[in-house]
Amino acid sequence: MNLVETINKERLPQHLAIIMDGNGRWAKQQGLLRALGHQSGTKSVKVIIEATAKLGIPFLTLYAFSTENWNRPKLEVETLMKVLINSLKKELTTLQKNNIKLNAIGNLEMLPKSAQKELLDVMEKTKNNTQMTLTLALSYGSREELVSAMKKICSKVKNNIISIDSIDDSIINEHLYTQNLPDVDLLIRTSGEHRISNFLLWQIAYSELYFTDILWPDFKEQDLYEAIISYQKRERRFGKTSEQIK
């Protein structure tokens, strides 16, 4: 039986997030430059986006470029930006065909102007699509996001727009980059690393975590289905006991 046929469509994660790791190591294993690993990784991006949309998962967030990634060698950063621009141009048709809306989170002003322009153009052209929201985390760091949110909230308290006593989870959510997204249900990380790497720290408080040794360029539909099947076998208690849930 095909793996996808074993997936319970009634128990899909509503928000799937993926740390796409292993492009550089994949290239090294092939005897290639790291840049070619990032280019190969875009093939997996397309495959997973289409598979996620086909399953009916409404929110997919991909960790594409972190704030820490700016510290990588200049040539690699430049290559990553070129790959981003080319991918946005190339995949607009895929997004439109699958009725997918593009969203982006992070300190986007740090991106090159050409990347910002292409990103905003694709976001504008897909803004009315309704099948799935694809969010790219670009120049993103969760600690920076939280600091930014705290500053905005403090400013509103200072100017008597909100009171300290009114600050709760919902107020914090309203000031995050992900204010229009639900909490993450399932977080996947490829390449065998078992770290969160400053990704959606607030939003994954009760996420199920799935780690795989597969390097990102080798991660395909069947690997995604295995992660979702693993997710569906778990009991999500959110701090309660099994008896309370049943």
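Residues numbered from 1 in each chain as written. Predicted model: local features only at pLDDT ≥ 70, side-chain atom pairs only at ≥ 80, totals over all residues. Heavy atoms only, no water.

Participant: Please provide a residue-by-residue account of the UniProt feature "active site" (unreviewed entry) in the chain, values included.
Facilitator: Those places that UniProt annotates as "active site" (unreviewed entry) correspond, in this numbering, to D21 and N69. On the basis of their most widely separated C-alpha atoms, the annotated residues across 49 residues gather in one place, lying no more than 12.2 Å apart. Examined against the element boundaries, D21 turns out to sit in the loop between strand 1 (15-19) and helix 1 (23-29). The residues touching D21, leaving out its near neighbours within four places in the chain, are R189, T190, S191, E193, L215 and W216. Polar side-chain contacts of D21 include one of 3.0 Å to the side chain of R25. With respect to the secondary-structure elements, N69 resides in the loop between strand 2 (59-66) and helix 3 (74-97). On the basis of relative accessibility, which here comes to 15%, the residue N69 falls in the buried class. From its side chain, N69 meets the backbone nitrogen of S66 in a polar contact 2.9 Å long. (UniProt positions renumbered as here; feature names shortened; annotations may be inferred. Helix = DSSP H or I, 4+ residues; strand = E, 2+ residues; numbered from the N terminus. Contact = heavy atoms within 4.5 Å. Polar contact = N/O pair within 3.5 Å; in protein donor to acceptor, adjacent residues only side chain to side chain. Buried < 20%, exposed > 50% of the residue type's maximum accessible area, 1.4 Å probe, protein only.)

Participant: Please give an account of a negative patch on the surface that cites residues and values.
Facilitator: Together, D168, D169, E174 and D183 line one region of the surface with negative charge. Along the chain, D169 turns up in helix 6 (residues 169-174). (Patch = residues over 30% accessible without salt bridge, like charges linked within 9 Å, V, L, I, M, F, W, Y side chains within 5 Å. Areas by Shrake-Rupley, 256 points an atom, 1.4 Å probe, with all protein chains shown as cover. Salt bridge = Lys/Arg side-chain N within 4 Å of Asp/Glu carboxyl O. Lys, Arg positive; Asp, Glu negative; His and termini not counted. Charge placed at Lys NZ, Arg CZ, Asp CG, Glu CD.)

Participant: Give a detailed account of helix 2 (residues 34-55), specifying residues and quantitative values.
Facilitator: In a regular helix each residue adds 1.5 Å, so 22 residues correspond to 32 Å; helix 2 covers 32 Å between its end C-alpha atoms and thus fits that length. Following helix 2 by one or two positions, G56 adopts a phi angle in the positive range, close to 100°. (Expected span 1.5 Å × (residues − 1).)

Participant: Residue-level account of the nonpolar core, with values.
Facilitator: One finds I18, L62, L134, I188 and L224 to be the most contacted residues of the largest nonpolar core, which totals 45 residues. With 8 residues, helix 3 is the single largest residue contributor to this core. For I188, the contacting residues outside a window of four places in its chain are L16, A17, I18, I19, Y210, F219, L224 and A227. (Core = buried A, V, L, I, M, F, W, Y, C linked by side-chain atoms within 4.5 Å.)

Participant: Got a sec to walk through a nonpolar patch on the surface? Specific residues and values, please.
Facilitator: Taken together, the side chains of L32, L33 and L36 present a nonpolar region at the surface, about 270 Å² in accessible area. One can find L36 in helix 2.

Participant: Describe unusual backbone geometry, naming the residues involved and giving the relevant values.
Facilitator: Positive phi, close to 60°, is recorded for N198, a residue that is not glycine. As for its placement among the helices and strands, N198 is situated in the loop between strand 5 (186-189) and strand 6 (208-211). Backbone geometry at L200 places phi at a positive 50°, although glycine is not the residue there. With respect to the element layout, L200 can be found in the loop between strand 5 and strand 6.

Participant: Lay out the pattern of salt bridges with the relevant residues and their values.
Facilitator: Taken as a whole and assessed by the stated rule, the structure comprises 12 salt bridges. Between D21 and R25 there is a salt bridge, and its shortest N-O distance comes to 3.0 Å. For D21, a relative accessible area of 15% corresponds to the buried category. A salt bridge links R236 to E208; the shortest N-O distance between them is 3.8 Å.

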